[in-house]
Amino acid sequence: MGLKNMSLILGFLGFVFLQGLLVCTAYNVHHYSFIVKNTYFERLCSNKTMLTVNDGFPGPTIHVNKGDRAYVNVHNEASYGVTIHWHGVKQPRNPWSDGPENITQCPIKPGKNFTYEIIFSDEEGTLWWHAHSDWTRATVHGAIVILPEANTTYPFPEPAAEQVLILGEWYKGDVKEIIDNATATGADPTVSDAYTINGQPGFPNNCSNDTSYKLTVEYGKTYLLRLVNAVMNEEMFFGIAKHNFTVVARDGAYIKPVTTSYIMITPGQTMDILLTANQSPSHYYIAATPFFDSDAPYDSTNTSAILQYTGNYTLPSSIPYPTLPNVTDQDAADNFTTRIRSLASAEHPINVPKNITTQIFIAVSVNQILCANASCGGPDGNRVAASLNNVSFVTPSIDILQAYYRSLTGVFGSDFPSQPPYIFNFTGDVGNNTLYTSQGTKARLINYGEAVEIVFQGTNVLNAENHPMHLHGFSFYLVGTGYGNFNATSSPSTYNLNDPPEVNTIGVPKNGWATIRFLANNPGVWFMHCHLERHASWGMDTVLIVKNGTTAETSILPPPANLPTCS
């Protein structure tokens with residue numbers, strides 16, 4: 001089970017606000033202590049110290065059952081402020097513990113601590129946690145395993161065992177210095193030096209063969225692999241040599257089983273995979289390679305681990321390596337992602353909003369900000385930027401949740417536009433009139449209980465690319481995707497309203513669109529952003545504020561007493 005929680009208190013009676021109904025449920029309470037500090041590591045024939053939790057890379061795994069509650073006391077022993085986000089956990093009515101820096105809280109100062117209350121509701125499967133301050137998530141992250149609630153089980157045969165696999169990245173340089181330098185100059189940040197599986201680069205990276213992560217299996221048994229993509233800036237292909245496997249869950253929700261030889265997984269996404277050890281006992285490479293459909297710089301390396309059967313056998317002279325799609329193979333990515341459907345069973349039902357009351361259309365772009373005398377390090381001497389509806393998000397110095405809750409003025413505007421400032425040929429010849437973006441700290445207010453539809457429209461501005469969009473506080477239904485410009489008349493006819501995947505992070509196709517739907521039944525301040533970290537740093541973000549309902553049970557919980565201060 002990995003690192004165990006420090007204590008477990010049984011028999012609590014709690015209330016979880018879910019799908020607009022007050023549900024009485026017994027839950028267990030778990031306690032963890034996270035020590036954020038610098039730790040020494042050796043990788044790629046070099047050494048460095050970097051920020052970790054409890055000296056681990058990746059950090060500890062949180063284990064709960066569906067509907068439980070966890071308290072995580074984060075002690076910051078770093079030299080700068082940090083926050084932690086519980087990615088995919090809806091946190092009903094509790095944005096105070098959601099984590100994004102200066103959105104729902106100010107950072108935990110060096111030498112201070114803060115206890116997060118993590119309220120689980122209907123999530124089941126694999127999620128993850130990560131730092132949400134600048135680029136600290138590169139090294140500060142770990143998995144969240146949410147087992148079925150008591151007296152229930154998986155919607156598939158019980159596996160013999162299960163294992164977390166986290167895809168990450170290794171930077172030889174200091175990650176904070178990399179993003180700080182890029183922010184100061186307006187240039188693209190330096191790419192990583194290697195990808196990792198459970199913290200190890202593996203073959204074919206330098207000084208990595210002997211330290212590859214090894215996953216031991218017994219012939220004939222089936223294992224549940226909990227895969228997390230914690231990579232900063234690239235989607236990834238993943239596969240295991242000579243083995244097919246079956247994907248049974250994504251982003252903490254079950255799906256109709258998809259049997260495949262590879263997957264494509266974007267930063268922020270998680271997948272639960274059933275692997276049957278049915279090949280001749282031997283060693284086989286587990287590998288991940290980038291999927292990257294942009295002209296921007298990217299890490300072109302591969303990472304691997306070893307699937308190692310038990311028993312006596314002669315090792316092959318060359319360990320088989322999986323055949324994964326080419327780095328630019330959009331068709332291969334689509335062939336996998338379009339197969340994902342919600343399980344939508346009686347035990348795991350879905351509720352897709354049909355009568356939409358709030359519609360938002362968001363153009364997603366990479367842009368420039370003009371610099372005087374071409375003095376910046378981006379294209380044409382300008383600053384690289386990114387935007388949603390031509391607004392490049394500026395993070396305030398006081399967190400937006402506190403400003404909203406306490407009615408503080410001058411921190412954010414509530415006028416994030418419901419559509420672009422003007423309509424253009426988004427995926428065609430966009431011209432320079434769309435290149436330069438405005439800047440602002442703008443949020444979109446939504447009434448409690450609204451049925452929301454958001455269309456994300458990718459654009460060809462500056463550099464078209466797949467954008468993994470993530471919304472805090474909600475799972476949503478991905479009801480449609482397509483290439484080219486969204487057509488309000490014809491595109492909705494392609495929607496899947498029967499069994500769309502219920503997820504928290506989706507890829508907006510390069511020069512295409514994606515439509516999501518959700519019920520705004522979770523009051524609070526919720527960050528929405530691209531999970532390519534360089535795009536988030538450039539301003540591809542906004543905030544959705546769901547107003548309180550008419551009762552105490554449909555309103556934001558009071559703030560905790562020890563909330564970090566902003567001064």
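As the structure is a prediction and not an experimental result, all values here were calculated from the model.

**Student:** Before we move on, can you summarise the sheet that holds strand β11 (residues 194-197) with the specific residues and values?
**Tutor:** Reading across the sheet, the 6 strands line up as β11-β10-β13-β18-β15-β16 and stay open at both edges, with mixed pairing between neighbours. The open sheet is flanked by β11 and β16 (253-260), the only strands paired with a single partner. Each neighbouring strand pair of the sheet contributes to a mean axis angle of 25 degrees, computed without reference to strand direction. By the bridge criterion, 7 bridges tie strand β10 (residues 161-170) to strand β13 (residues 222-229) in an arrangement that is parallel.

**Student:** Give a description of the environment of asparagine 463 that names residues and reports values.
**Tutor:** Tracing the chain through its elements places asparagine 463 in the loop between β26 (451-458) and β27 (467-471). A residue is classified by how much of its surface remains accessible, and asparagine 463, at 16% relative accessible area, is buried. Here the alpha-carbon distance between asparagine 463 and histidine 283, two residues 180 residues apart in the chain, equals 41 Å. Setting aside anything within four residues of it in sequence, one finds asparagine 463 in contact with Ser294, Asp295, Ala296 and Val366. At a separation of 2.9 Å, a polar atom in the side chain of asparagine 463 contacts the side chain of serine 294.

**Student:** Hey, could you go over the nonpolar core for me, with residue numbers and the actual values?
**Tutor:** Leu167, Phe238, Ile263, Leu307 and Phe336 are the most contacted members of the largest nonpolar core, which has 41 residues in total. Of the residues forming this core, the biggest block, 5 residues, is contributed by strand β19 (residues 283-291). Residues Trp86, Trp96, Ile108 and Ile556 belong to the second largest nonpolar core, which totals 38 residues.

**Student:** Go over the packing of aromatic side chains with me, naming the residues and quoting the values.
**Tutor:** Applying the stated criterion to the full structure yields 28 aromatic pairs. Ring centres of phenylalanine 57 and tryptophan 170 lie 5.8 Å apart, and the angle between their planes is 65 degrees; on these two criteria the pair is classed as edge-to-face. On the criterion of sequence distance, the pair formed by phenylalanine 57 in the loop between β3 (46-53) and β4 (62-65) and tryptophan 170 in strand β10 is long-range, its members being 113 residues apart. Judged by centre distance (5.4 Å) and plane angle (70 degrees), the ring pair of tryptophan 86 and tyrosine 116 falls under edge-to-face. Taken together, the positions of tryptophan 86 in strand β6 (residues 84-87) and tyrosine 116 in strand β7 (residues 113-119) put the pair 30 residues apart, joining distant regions of the chain. The pair formed by tryptophan 86 and tyrosine 116 is uniform in burial state, with each residue classed as buried. The lysine or arginine in question, arginine 43, covers the ring of tryptophan 170, its NZ or CZ lying 5.3 Å from the ring centre. Here the basic side chain of lysine 176 rests over the ring of tyrosine 80, its NZ or CZ set 5.0 Å away from the ring centre.

**Student:** Account for the sheet that holds strand β12 (residues 214-217), naming residues and giving values.
**Tutor:** If you trace the 5 strands from one edge of the open sheet to the other, you get β12-β20-β19-β14-β17, paired in mixed fashion. Every interior strand has two partners, whereas the edge strands, β12 and β17 (263-265), have only one. Taken over all neighbouring pairs, the strand axes of this sheet differ in orientation by 25 degrees on average, direction set aside. Here strand β14 (residues 235-240) pairs with β19 via 6 bridges, running antiparallel. Directly across from phenylalanine 237, in β19, lies its bridge partner threonine 289. Each of β14, β17 and β19 is contacted by helix α2 (residues 330-337), which is oriented at about 95 degrees to β17, the strand it contacts most.

**Student:** Can you lay out the state of the cysteines for me, pointing to particular residues and giving the numbers?
**Tutor:** Think of a disulfide as a covalent bridge from one cysteine sulfur atom to another cysteine sulfur atom. Summed over all chains, the structure comprises 3 disulfides. One disulfide in the model links cysteine 45 with cysteine 207; its S-S distance is 1.9 Å. Here the S-S torsion is close to 95 degrees, and the disulfide linking cysteine 45 with cysteine 207 is therefore right-handed. Placement of the pair is cysteine 45 in the loop between β2 (21-43) and β3 and cysteine 207 in the loop between β11 and β12, with a sequence separation of 162 residues. By relative accessible area, which is 55% here, cysteine 207 ends up exposed. What pairs with cysteine 371 in a disulfide is cysteine 376, and their sulfur atoms sit 2.0 Å apart. Disulfide cysteine 371-cysteine 376: the torsion about the S-S bond is -85 degrees, which places it as left-handed.

**Student:** Break down the side chain of glutamine 105 for me, with residues and values.
**Tutor:** Tracing the sequence through the fold places glutamine 105 in the loop between β6 and β7. Of the residues examined, glutamine 105 reaches a relative accessible area of 0% and is grouped as buried. In this structure the side chain of glutamine 105 is engaged in a polar contact, spanning 2.7 Å, whose partner is the side chain of tyrosine 116. Every residue in contact with glutamine 105, bar those within four places of it in the chain, is listed here: Thr83, Gly99, Pro100, Phe114, Tyr116, Asp399 and Pro564.

**Student:** If you had to explain the confidence of the model for the protein to someone new, which residues and values would you point to?
**Tutor:** Residues of the protein with pLDDT of at least 70 account for 96%, and the chain-wide mean is 95. This model gives residues 1-24 a pLDDT under 50, and the stretch forms 63 contacts once residues within four places in sequence are excluded.

**Student:** Quick rundown of unusual backbone geometry? Include the residues and the values.
**Tutor:** Residue proline 58 is reached from phenylalanine 57 by a cis peptide bond, and omega for that bond is 0 degrees. Position of proline 58 relative to the elements: it lies in the loop between β3 and β4. The phi dihedral of asparagine 54 is positive, around 55 degrees, even though this residue is not glycine. Topologically, asparagine 54 is positioned in the loop between β3 and β4. Asparagine 54 sits in the partly exposed class, given a relative accessible area of 32%.

Conventions used here
Residues numbered from 1 in each chain as written. Predicted model: local features only at pLDDT ≥ 70, side-chain atom pairs only at ≥ 80, totals over all residues. Heavy atoms only, no water. Pairing = 2+ DSSP bridges. Helix = DSSP H or I, 4+ residues; strand = E, 2+ residues; numbered from the N terminus. Axes fitted to C-alpha atoms, helices over the stretch in contact; angles between N-to-C directions. Buried < 20%, exposed > 50% of the residue type's maximum accessible area, 1.4 Å probe, protein only. Contact = heavy atoms within 4.5 Å. Polar contact = N/O pair within 3.5 Å; in protein donor to acceptor, adjacent residues only side chain to side chain. Core = buried A, V, L, I, M, F, W, Y, C linked by side-chain atoms within 4.5 Å. Phe/Tyr/Trp six-rings, centres within 6.5 Å; stacked < 30°, edge-to-face > 60°. Lys NZ or Arg CZ within 6 Å of the ring centre and 35° of its normal. Disulfide = S-S within 2.5 Å. pLDDT = per-residue confidence, 0-100.

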